[in-house]
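Architecture at a glance
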Amino acid sequence: MIKVLMAKPGLDGHDRGAKVVARALRDAGMEVIYTGLRQTPEQIVEAVIQEDVQVLALSILSGAQDYLFPRIIELLKEKKIKDVLVVAGGIFPSEDVPKLEKMGITGLFGPGTTTGDIINFIQDKVKK
Amino acid sequence: MADKNDLKKIRKEMDEWEGKLAETLKKRPERKPSFVNTSGIPLNRTYTPLDMEEADYLADLNFPGDYPFTRGVQPTMYRGRHWTMRQYAGFATAEETNRRYRYLLEKGQTGLSVAFDLPTQIGYDSDHPLSQGEVGKVGVAIDSVRDMEALFDGIPLDKVSTSMTINAPAAILLAMYIVIAEKQGVTPDKLNGTIQNDILKEYTSRGTYIFPPESSMRIITDTFAYCSESVPNWNTISISGYHMREAGCTAVQELAFTLANGIAYIDAAIKAGLDVDTFARRVSFFFISQQDFFEEIAKFRAARRLWARIMKERFGAKKPASWMLRFHVQTAGSSLTAQQPDNNVVRVAFQTLSAVLGGTQSLHSCSRDEALALPSEEAVRLSLRTQQLIAHETGVTDVVDPLGGSYYIEQLTDEVERRAEEYIEKIDKMGGAVKATEKGYINKEIEESAYQYQKGVEDKSRIVVGVNDFVEEEEEKPADLLKVDPTVGESQKAKLKELRSSRDQSKVESSLKDLKKATENKKENLLPHFVNSVRSEATLGEICDTLREVFGEYQAA
């Protein structure tokens, strides 16, 4: 069973998307742990280790990803975590997308994405 | 309302009409086996006087400005004055946001609405570790009274009304407003505006809580008491369904949960020893205007009637002003699509129109680029123009409650009200909205509706134009999206450093000491202490930290 950590980094309170996706992933047979709101990068990476997940799914709509995402990736590297798939949902300016992908956030899901697309992406990547 | 004999005749004719329909349906079936609105209310093919058989015009509708205010809170509504055109705005620094406010006022906006950044909303200064990356992003950064002064620079506070979307630290931002008005020579009794100050929906759907419910409720009732004496024209709370709806609930749930929260605030104030008629006239509301046109209009009308009855019958309020539900509307951010963003202009126009037909007092229309970024100046102007167009060109503002008496609208108003009442009864049985929130009941209801909505989009039983149908393969990305200056965090930090080195530190310390003592004494009103602390140039973070020491912080379950 694929194990996913759904995380809300920063002070953003919008978690409709995170909760809907979490439930859809569960319905698709994955185990999902939702962190709740206001998680620091340190707390998120700690949870990745404690819960031993294969997927870290970040949800953010506040625009703070330009600080928070690099920090999370940096901490993952520090802790030598290499085999975790990192995906993110929210609003990302199109010019930032290549930068985020290069950083190692391979799945970026903007407004209008179906939960089906996210499920397929994760199943595909984790299998490989 | 029709004569008994007429109704008999209508019923007979309707039976015949339905008989004849069978043939039409065989030849041309309807688009769906059944029609249901977003609240799950089944919709008939058409509505007739038969649906209004039980209606009592004077008791249920009455005239505009008369109890139960179904048709509007003022007797002349928009024939007297249009709603306040109030675009929610704020980003980066106070100086930059001030420029946006002046631009909007110059373009004919009639009130201001402040969006604060997340650190301000959660009571952290811009130099707090948790503020990193967040400063100035979703709103303007306000650390102290100096920022507040810059925000309203050159804007006469006795002439303009200001709404502030601020909750956990709402009373502190109000204190800042009072202090900067003083500097302009404007006394508190001349101030007009609103603080959102609605903490209950923060726990369920918006997330900017600081303190646990009990302490938060004390700050709110302190605000009611202080303002009824000192800032009599200030709306002390704006009880909001908007965010619960954006989080995914239905129209009926939005109405029910909002009024249930309203009941909790009124209950708390009465328990704190206030007379309902001294503060209830300054309780205001905030709803969404979503895509289902008639359902929204019915919701606004049902809201007024239901609240009037709650205030009069449940709380025994005696003054008509205490019975009136006055509200602000914002069109639905979550209905906007990143795909084909120009379509959003049309969505917003429909939603704006239904808010006007529902009798709103104040209105924000979203902008076409909001699924992509904070709105650009040009996009906001178009939204303001949408309101001006409806106000001045369509003629819908020339008659009060123009849809009143429509068989469909009246039946739908009754049904929305009935279903909302059922929810309120259920919440009453749980011990009220505070308990229902703590138990997670409201959250569960919202989450379930959000999930069902998404399923509808994915199985295409719900069409979103440009997203799951009528899709364009190649789309051009809109240019000129607003980008918040990335140096704003650093410039706020520099301003804080300057503040901390130039203010009278002993004054700050003594005002915070007094505040702490007052916080420990439940009988003392906190508002005068907020005003003192603000005046001493204590920062928002320092004031909130003082409260945190006594109240602790809310831990989400």
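Just above, that's the structure.
Residues numbered from 1 in each chain as written. Chains lettered and ligands numbered in written order. Predicted model: local features only at pLDDT ≥ 70, side-chain atom pairs only at ≥ 80, totals over all residues. Heavy atoms only, no water.

On to the overall build of chain B. Helix and strand counts for chain B stand at 22 helices and ten strands. Expected size for 557 residues packed as a compact globule is a radius of gyration near 24 Å; at 24 Å, chain B falls within 12% of this value. Considering only C-alpha atoms, chain B reaches an extent of 85 × 60 × 45 Å along its principal axes. A burial count over chain B gives 58% of its 557 residues as buried. Within chain B, residue pairs in contact and separated by at least 24 positions form 78% of the contacts whose partners lie at least 6 positions apart. On chain B, roughly 23500 Å² of surface is accessible, and the fraction owed to carbon and sulfur atoms is 50%. Chain B carries 71 positive and 84 negative side-chain charges, and their two centres are separated by 3 Å. (Helix = DSSP H or I, 4+ residues; strand = E, 2+ residues; numbered from the N terminus. Rg over C-alpha atoms; globule rule 2.2 N^0.38 Å. Buried < 20%, exposed > 50% of the residue type's maximum accessible area, 1.4 Å probe, protein only. Contact = heavy atoms within 4.5 Å. Areas by Shrake-Rupley, 256 points an atom, 1.4 Å probe, with all protein chains shown as cover. Lys, Arg positive; Asp, Glu negative; His and termini not counted. Charge placed at Lys NZ, Arg CZ, Asp CG, Glu CD.)

Here the focus is the sheet that holds strand β10 (residues 362-364) of chain B. All names here are of chain B. Spatially, β1-β10-β9-β8-β7 is the arrangement adopted by the five strands of the open sheet, whose pairing is parallel. Lying at the two open borders of the sheet, with one neighbouring strand each, are β1 (84-85) and β7 (237-240). Sheet topology note: the β1/β10 ladder contains two bridges and is parallel. Directly across from M85, in β10, lies its bridge partner L363. Against the sheet, helix α12 (residues 293-314) contacts β8 (283-289) and β9 (327-331), and its axis sits at roughly 160° relative to β8. (Pairing = 2+ DSSP bridges. Axes fitted to C-alpha atoms, helices over the stretch in contact; angles between N-to-C directions.)

Moving on to the interface of chain A and chain B. In this complex, chain A contributes 30 residues to the contact, which on the side of chain B involves 37 residues. The junction of chain A with chain B conceals about 2500 Å² of combined surface from both sides, 52% of it contributed by carbon and sulfur atoms. Ranking the residues of chain A by area buried against chain B places L11, R16 and R38 of chain A at the top, with a combined share of 30%. Along the contact surface separating chain A from chain B lie five salt bridges. Elements with a minimum of two residues in the side of chain A that touches chain B: α1 (16-27), α3 (65-78) and α5 (115-127) of chain A. (Buried area = accessible area lost by both parts, 1.4 Å probe. Salt bridge = Lys/Arg side-chain N within 4 Å of Asp/Glu carboxyl O.)

Turning next to the environment of V55 of chain A. Residues and elements named next belong to chain A. Assignment of secondary structure puts V55 in strand β3 (residues 55-60). Residues V55 and V87, spaced 32 residues apart in sequence, show a C-alpha to C-alpha distance of 7.6 Å. Not counting chain neighbours up to four residues away, the residues in contact with V55 comprise I2, K3, V4, L5, V84, L85, V87, I122 and V126.

Moving on to the nonpolar core. Within the largest apolar cluster, 140 residues are counted, with the highest numbers of intra-cluster contacts made by M148, M164, W307 and F530 of chain B. The contact partners of F530 of chain B, leaving out residues within four places of it in the chain, are A171, I172, A175, I219, L515, I543 and L547 of chain B. (Core = buried A, V, L, I, M, F, W, Y, C linked by side-chain atoms within 4.5 Å.)

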